[in-house]
Amino acid sequence: QVQLVESGGGLVQAGGSLRLSCAASGSIFSITVMGWYRQAPGKQRELVARITSGGNTNYEDSVKGRFTISRDNAKNTVHLQMNSLKPEDTGVYYCNALYLGRFSWGQGTQVTVSS
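Since the model is a prediction, treat every value here as computed from it, not as a measurement.

1. Looking at the pattern of salt bridges
Then, number 1: Tallying each qualifying case throughout the model produces 5 salt bridges.
Then, number 2: Notably, a salt bridge pairs K64 with D61, separated by 3.1 Å at the nearest N-O pair.
Then, number 3: Here R66 and D89 are joined by a salt bridge, their closest N and O atoms 2.8 Å apart. Highlighted residues: R66 in the loop between β6 (57–59) and β7 (67–72) and D89 in the loop between β8 (77–82) and β9 (91–99), separated in sequence by 23 residues. Grouping residues by exposure puts R66 and D89 together as buried.
Then, number 4: Counted as one network, the salt bridges with shared partners bring together R38, E46, E60, R66 and D89.

Written as structure tokens, this is what we have:
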């Protein structure tokens with residue numbers, strides 16, 4: 001199994017930056033894709049960004065040019081650098097890992113962007 005622990009959420013003003021981190025443990029060598037999802041109040045969880053073991057990345061359209069996902073394989077950690085934050089980026093951010101055809105989720109970290 002894979003366990004994920006997120007950190008780095010908080011409260012920031014619009015235009016500010018935050019960096020989220022996700023540390024993976026367990027069967028880390030079986031992980032193929034890691035990503036960040038978010039869920040705003042009253043909305044469905046959506047993909048924000050993901051990165052493959054080979055370093056290929058995908059971003060949700062609204063965060064392109066503002067967010068950057070990166071992967072530190074030596075530390076088994078994935079980061080999400082979020083710049084130029086907007087109030088609509090507010091939500092609970094979840095780390096996700098795909099391994100052996102299964103998904104693992106972190107507990108989530110709250111990001112609140114004030115206007």
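From this point, the discussion proceeds with the structure in view.
2. Description of the state of the cysteines
What makes a disulfide is a covalent bond joining the sulfur atoms belonging to two cysteines.
Then, number 1: Taken as a whole, this structure holds 1 disulfide when the rule is applied.
Then, number 2: Between the sulfur of C22 and that of C95 lies a disulfide, 2.0 Å long from S to S. On the sign convention where negative means left-handed, the S-S torsion of about -85° between C22 and C95 marks this disulfide as left-handed. On the criterion of sequence distance, the pair formed by C22 in strand β3 (residues 18–26) and C95 in strand β9 is long-range, its members being 73 residues apart.
Then, number 3: Residue C22 is classed as buried on the basis of its relative accessible area of 0%.
Then, number 4: The exposure class of C95 is buried, given its relative accessible area of 0%.

3. A few points about the packing of aromatic side chains
Two measures describe an aromatic ring pair: the distance that separates the ring centres and the angle between the ring planes.
Then, number 1: Enumeration over the complete set of coordinates arrives at 2 aromatic pairs.
Then, number 2: Judged by centre distance (5.0 Å) and plane angle (70°), the ring pair of Y37 and W105 falls under edge-to-face. Of the two residues, Y37 is situated in strand β4 (residues 31–39) and W105 in strand β10 (residues 102–105); the sequence distance between them amounts to 68 residues.
Then, number 3: Accessibility expressed as a relative area gives 35% for W105, which makes it partly exposed.
Then, number 4: Where Y94 meets W105, the ring centres are 6.4 Å apart and the plane angle is 85°; that geometry is what we call edge-to-face. With Y94 in strand β9 and W105 in strand β10, this pair connects stretches of sequence that are 11 residues apart.

4. Observations regarding the side chain of R38
Then, number 1: Relative to the helices and strands, R38 is located in strand β4.
Then, number 2: Among the polar contacts made by the side chain of R38, one reaches the side chain of S62 at a distance of 3.3 Å.
Then, number 3: A polar side-chain atom of R38 sits 2.9 Å from a polar atom in the side chain of D89.
Then, number 4: Contacts of R38, omitting those with residues within four sequence positions, involve Q44, R45, E46, V48, E60, S62, V63, F67, E88, D89, V92 and Y93.

5. A word on the nonpolar core
Then, number 1: Judged by nonpolar contacts, the single largest core of 27 residues is most densely connected at M34, W36, L80, M82 and Y93.
Then, number 2: Taken together, the elements giving at least two residues each to this core come down to β1 (2–7), β3, β4, β5 (46–52), β7, β8, β9 and β11 (109–114).

6. Topic: unusual backbone geometry
Then, number 1: Residues other than glycine seldom take positive phi values, yet N76 does so here, at roughly 55°.
Then, number 2: Here N76 lies in the loop between β7 and β8.
Then, number 3: Look at N76 and you get partly exposed, because its relative accessible area is 27%.
Then, number 4: Despite not being glycine, S84 shows a phi value in the positive range, around 50°.
Then, number 5: With relative accessibility at 41%, the residue S84 sits in the partly exposed group.

Thresholds applied
- Throughout this document, residue positions are counted from 1 along each chain, in the order its sequence is written.
- The predicted nature of this model means local features are confined to residues of pLDDT at least 70 and side-chain atom pairs, given and counted, to a pLDDT of 80 or more, with totals for whole chains, interfaces and linings taken over all residues.
- Hydrogen atoms and water are omitted, and side-chain values are computed over all heavy atoms in the structure.
- By definition here, a salt bridge exists when the distance from a side-chain nitrogen of Lys or Arg to a carboxyl oxygen of Asp or Glu is within 4 Å.
- Only DSSP runs of H or I reaching four residues or more are called helices, and only runs of E reaching two or more are called strands; each is numbered from the N terminus.
- Each residue's exposure class comes from its accessible area (1.4 Å probe, protein chains only) as a fraction of the maximum for that residue type: buried when under 20%, exposed when over 50%, partly exposed otherwise.
- Here, the term disulfide refers to a pair of cysteine sulfur atoms separated by no more than 2.5 Å.
- Only Phe, Tyr and Trp rings are paired, with Trp represented by its six-membered ring, and only when their centres lie within 6.5 Å; those with planes under 30 degrees apart are stacked, over 60 edge-to-face, the remainder tilted.
- Between N or O atoms, a polar contact is any pair within 3.5 Å; within protein, one atom must be a potential hydrogen donor and the other a potential acceptor, and residues adjacent in sequence are included only when both atoms are from side chains.
- Any two residues whose heavy atoms approach within 4.5 Å are treated as being in contact.
- To form a nonpolar core, buried Ala, Val, Leu, Ile, Met, Phe, Trp, Tyr and Cys residues must be joined to one another through side-chain atoms within 4.5 Å.

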